[in-house]
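So you can see what is in the structure, the chains are spelled out below.
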Amino acid sequence: MHKKYDIAVIGGGHAGVEAALIGAKMGKKVLLITQNIDQTAQMSCNPAIGGLAKSHLVKEIDILGGLMGVAADRSGIQFKTLNRSKGPAVWALRVQSDKKEYSSFVRTVLESHTNLDIIQDEVSGLVIKNGVCSGVRTDINGIIHSRAVIICSGTFLKAVIHIGKKQIPSGRLGEKSAERLSKHLRDNGFETQRLKTGTPPRIAGGSMDFSGMEIHGSDDIIIPFSFRNKKSFLRQVPCFMTYTNEKTHSIIAKNLDKTALFSGRIKGTGPRYCPSVEDKVFRFSDKPSHRLFLEPEGLYTNEYYINGFSSSLPVDIQKKALRTVKGLERAHFVRPAYAIEYDYFPAYQIKLSLETRNVENLYMAGQVNGTSGYEEAAAQGLMAGINAVLKIDGKDPFILGRDEAYTGVLIDDLITKDIREPYRMFTSLAEYRLELRHDNADSRLLKYSKKYGLLKIRELNFLKKRLDKIKNLPEIFPSVKIKKDRLNAFLENNGLERTEEGSDLFRLLKRPQISIETVLKDGLFEESGNYSYYELKQAEMAVKYEGYVKRQNDMIKKFRKNESIKLPPDTDYSKFKGLKKEAAEKLDRVKPVSVGQAGRIAGISPADVSVILINLKAAGKI
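All figures in this text were calculated on a predicted structure; none of them were measured in a lab.

Summing up its helical and strand segments, the protein has 20 helices and 23 strands in all. Taking 622 residues into account, the globule formula puts the C-alpha radius of gyration at 25 Å, and the protein, at 26 Å, falls close to it. A principal-axis box enclosing the C-alpha atoms of the protein has dimensions of 80 × 70 × 55 Å. Here the contacts in the protein between residues at least 6 apart in sequence split such that 73% fall between residues at least 24 apart.

The strand order E15-E16-E17-E18-E14-E19 describes an open sheet built from six strands, whose pairing is antiparallel. Because the sheet does not close on itself, it has two edges, and the strands there are strand E15 (214-216) and strand E19 (333-335). Across the sheet, the axes of successive neighbouring strands diverge by a mean angle of 35°, strand direction being ignored. With three bridges connecting them, E15 and strand E16 (residues 239-243) associate as antiparallel partners. Residue Glu214 lies in a different strand from E16, and its bridge partner there is Met241.

On to the packing of aromatic side chains, then. Under the counting rule described, the total for this entry stands at eleven aromatic pairs. Ring-pair connections join several aromatic residues into one group, and the members of that group are Phe210, Phe240 and Tyr304. Here the basic side chain of Arg84 rests over the ring of Trp91, its NZ or CZ set 4.5 Å away from the ring centre. Lying over the aromatic face of Tyr348, Arg589 brings its terminal NZ or CZ to 4.6 Å of the ring centre.

Here we come to the pairing of E16. Judged by how many residues are buried, E16 sits mostly within the fold: four of five residues are covered. Relative to strand E17 (residues 291-296), E16 is paired through four bridges, and the arrangement is antiparallel. Note on E17: the bridge partner recorded for Thr242 is Leu292.

Estimates place the volume of the second largest pocket at around 1000 Å³. Looking at the lining of the second largest pocket, the elements that each hand over two or more residues are helix H11 (441-452), helix H12 (457-476), helix H16 (533-544) and helix H17 (546-563). Tallying contributions element by element places H12 first for the lining of the second largest pocket, with nine residues. When its residues are assigned to classes, the lining of the second largest pocket shows eleven nonpolar, five polar and 14 charged. Split by domain, the residues of the lining of the second largest pocket number at least three in each of domain 1 (4-43 + 106-193 + 342-436) and domain 3 (457-550).

Next up on the list: the sheet that holds strand E12 (residues 175-176). Taken in spatial order, the five strands line up as E12-E11-E10-E20-E13 in an open sheet, and their pairing is antiparallel. On the outer flanks of this sheet lie E12 and strand E13 (193-199), each paired with one strand and no other. Here strand E10 (residues 160-163) runs beside strand E20 (residues 338-344); their pairing, made up of three bridges, is antiparallel. By the bridge assignment, Val160 is partnered in E20 with Glu341.

The next thing to look at is the domain arrangement of the protein. Looking at the protein, the domain boundaries give domain 1 (4-43 + 106-193 + 342-436), domain 2 (202-340), domain 3 (457-550) and domain 4 (564-618). Placing a centre on the C-alpha atoms of domain 2 and another on those of domain 4 gives a separation of 46 Å.

So, about the environment of Glu179. Checked against the element boundaries, Glu179 lands in the loop between E12 and helix H5 (181-187). A C-alpha to C-alpha distance of 36 Å links Glu179 and Ala584, two positions 405 residues apart in sequence. Each residue touching Glu179, except ones within four places of it in the same chain, is listed here: Glu122, Lys158, Ala159 and Pro169. For Glu179, the side chain forms a polar contact with the side chain of Lys158, separated by 3.5 Å. Side chain to side chain, Glu179 and Ser177 meet in a polar contact 2.6 Å long.

Compared with an ideal rise of 1.5 Å per residue, which puts twelve residues at 16 Å, H11 spans 16 Å between its outermost C-alpha atoms and is within 8% of the ideal. Every buried residue of H11 is accounted for by Ala441, Asp442, Arg444, Leu445, Leu446, Tyr448, Ser449 and Tyr452. Considering only its buried residues, H11 is in contact with helix H2 (54-63), helix H9 (374-392), helix H10 (406-416), H12 and H16. Within two residues after H11, Gly453 carries a phi angle of roughly 65°, on the positive side.

A separate point is the side chain of Thr518. Counting through the fold element by element, Thr518 comes out in helix H15 (residues 516-521). Judged by its relative accessible area of 18%, Thr518 falls in the buried class.

Turning our eyes to something else, we now look at helix H6 (residues 246-254). Buried within H6 we find Thr248, His249, Ile251 and Ile252. Buried residues of H6, seen end-on, are gathered within an arc of 160° and therefore sit on one face of the element. Of the exposed residues in H6, those oriented more than 90 degrees away from the buried face are Glu246, Lys247 and Lys254. Against the buried residues of H6 lie helix H7 (277-283) and helix H8 (315-322). For H6, the capping residue at the N-terminal end is Asn245, with a side-chain oxygen 3.0 Å from the backbone nitrogen of Lys247.

A cluster of basic residues, Lys165, Lys247, Lys254, Lys258 and Lys320, forms a positive patch at the surface. One can find Lys254 in helix H6.

Our focus in this paragraph is the pairing of E20. Two faces belong to every sheet, and in a regular strand the side chains alternate between them. For E20, the tally of buried residues reaches seven of seven residues, placing the bulk of the element in the interior. Sheet analysis places E13 next to E20, joined by seven bridges and oriented antiparallel. Within the sheet, the bridge partner assigned to Lys196 lies in E20 and is Glu341.

Per the counting criterion, the structure on display carries one cavity of 30 Å³ or more. Of the volumes computed, that of the largest cavity is approximately 40 Å³. As for the largest cavity, its lining consists of Leu352, Met383, Ile399, Leu400, Thr407, Gly408, Ile411 and Asp412. Top element by residues in the lining of the largest cavity is H10. It accounts for four residues.

The rules behind these values
- Along each chain, residues carry numbers from 1 onward, in the same order as the chain's sequence is written.
- Thresholds applied to this predicted model are a pLDDT of at least 70 for local features of residues and 80 or more for the giving and counting of side-chain atom pairs; totals over whole chains, interfaces and linings are not thresholded and use all residues.
- Each side-chain value is derived from all of the structure's non-hydrogen atoms; neither hydrogens nor water enter the calculation.
- Numbering of helices and strands runs from the N terminus, with a helix taken as a DSSP run of H or I at least four residues long and a strand as a DSSP run of E at least two residues long.
- Radius of gyration: over C-alpha atoms. The globule rule applied is 2.2 Å multiplied by the number of residues raised to the 0.38 power.
- For this analysis, residues touch if any pair of their heavy atoms sits within 4.5 Å.
- Strands were regarded as paired on the criterion that DSSP finds at least two bridges between them.
- Axes, fitted as lines to C-alpha atoms, cover a helix only where it is in contact. Angles between the N-to-C directions of the axes lie from 0 to 180 degrees.
- Stacked, tilted and edge-to-face pairs are distinguished by plane angle, under 30 degrees for stacked and over 60 for edge-to-face with tilted covering the rest, among Phe, Tyr and Trp rings (Trp via its six-membered ring) whose centres lie within 6.5 Å.
- Note on criteria: charge over ring means Lys NZ or Arg CZ within 6 Å of the ring centre, with the direction from the centre no more than 35 degrees off the ring normal.
- A 1.4 Å probe rolled over the protein chains alone gives each residue an accessible area, and that area as a share of the maximum for its type sets the label: buried under 20%, exposed over 50%, partly exposed in between.
- The way it works is a 1 Å grid over only the protein atoms, where trapped points that fit a 1.4 Å probe form a cavity and open points with protein on both sides within 12 Å along at least five of seven lines form a pocket, and then any residue with an atom within 4 Å of a point lines it.
- Grid points are joined across faces, edges and corners, and a volume is the space filled by probe spheres set on the points.
- Note on residue classes: Ala, Val, Leu, Ile, Met, Phe, Trp, Tyr, Cys and Pro are nonpolar, Asp, Glu, Lys and Arg are charged, and everything else, Gly too, is polar.
- Residue ranges labeled as domains rest on an automatic or database domain assignment.
- Each polar contact in these results corresponds to two N or O atoms within 3.5 Å; when the atoms are within protein, one needs to be able to donate a hydrogen and the other to accept it, and residues that are neighboring in sequence are counted only if both atoms are side-chain atoms.
- Here the expected length of a helix is defined as 1.5 Å per residue gap, with one fewer gap than residues.
- The reported arc concerns the directions from the helix axis to the C-beta atoms and nothing else.
- Surface patches are drawn from residues lacking salt bridges whose relative accessible area is over 30%; two like charges belong together within 9 Å, two nonpolar side chains (Val, Leu, Ile, Met, Phe, Trp, Tyr) within 5 Å.
- The Shrake-Rupley method, run with a 1.4 Å probe sphere, supplies the accessible areas, and residue values consider only the shown protein chains as cover.
- Here a salt bridge means any side-chain nitrogen of Lys or Arg lying within 4 Å of a carboxyl oxygen belonging to Asp or Glu.
- Think of it this way: Lys and Arg go in the positive column, Asp and Glu in the negative one, and His and the chain ends go nowhere.
- Every charge is mapped to an atom, namely NZ of Lys, CZ of Arg, CG of Asp or CD of Glu.

Spelled out as structure tokens, the structure:
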């Protein structure tokens, strides 16, 4: 390889493709290095994008110029908005994908970009001199120089697959583990630890009996992930639901000693919120059944992903247990369930920009930082790619606050909370979730897309016009008068009490029982044809939750006050008077950038924050 690249990205998973593409879109020459080009953006686990809290990340990725939302729309075979019975802060879009179409679409986009090269190779080490990274060492192409390197190696570092007593060095079933890179990084001062995750079996659809199962299809109104799309592109197909039973649990309970998890062969910590079926049987022994979702892998195959049956049991026990489930009595196993254990780097070793602390120009994104999930990985990859470009250009890094985006919550949590298990995004982790809805990412983040040139001019203009319409609608609604007779007819049609006076559309939408859908159905807003469903829905949210949003914005102002008090990066907290030794050690390890972030570090109390402020003021540093 005679070229010198601006950015070298290690790994072609969801973090890697976002990092590589955004770097190329921002004008840098990028090299993506992957062990298997045919597995680019592979859905290693469930064939779906989004879901609870994760859809917030996908929407943010989309507004910041990323690819995940577009690819989900292009490959979507089922679109569902979850949690519609609850408040809009926890609504979430989930798109079931044709996994081959998803991967193929992403690869096509990457290969079509003139600033982006892809090679199939393995990275065994980095070029590091005097604490600065300037390239990678590969098996086939030798040393490749670059101005920045982003590690997005997923679950491949010293990875081991566990199926009962069988152990296979593999980053994904049938693909080899990356054995040398994590050792090289340990030799350069990085701490590594082990995590564990798992995946369920894939079952041939022709061997399953769907009669009697619950059917879950697409929503009547399909809402795509990306603002660029207005519809789905592929034929829509349903998922099915069935349940384990006491016989299933009995078989699993009798064979716990044969699992890699309970026999002690797995040392890494597994995901708390996505446990294996044997873990569920053990921990929730009082439960007579557990729900299983049967999810199609795509239109090209009859394989189904058995969501809820992740396992490290021996294959014969997996088969015996699963065949006790209604509809799966004759289940043919195409691929077995397995657990996978791999190296990761605890995230206190990175900055909020995702650049590592002890090696300059080296970034880490995705599961190497201790996260789980495609969406968490993609969000990090995007931010690492943007920040690598900014670093090369000599500009300040792009840091999203907890009050601005779920992506900001994700990265801040990884660093300050000292995560020691696979991190998964939840809406409960965001303090300001009413303001951080999955459907208003454009209003929150468009200014950054414009600042950093992440979207095309026509895309920026489209989003600006859309936001202007949404802003104007609540001002238009009070002028839409509804006379008493027509209003009473509308109220009766919707099972509500009559009134003695007319109203206007603004006051009507304030009612919790009235939605924009019912208003449109009865034709109460004659100008609705000038607006999209999205614009009308956003305006409805602004009307309904006006008071709540105002109170939350007051909270955000207080939050930003603490974030604005910056802490010098060279601060030695061990010398602070009145600060406990344990607190000083945690502060010196994380090196918080603000008083607000210092207060979020696990084990740092409000009293510790007060001591920090007293010492910094005494030293004249703030």
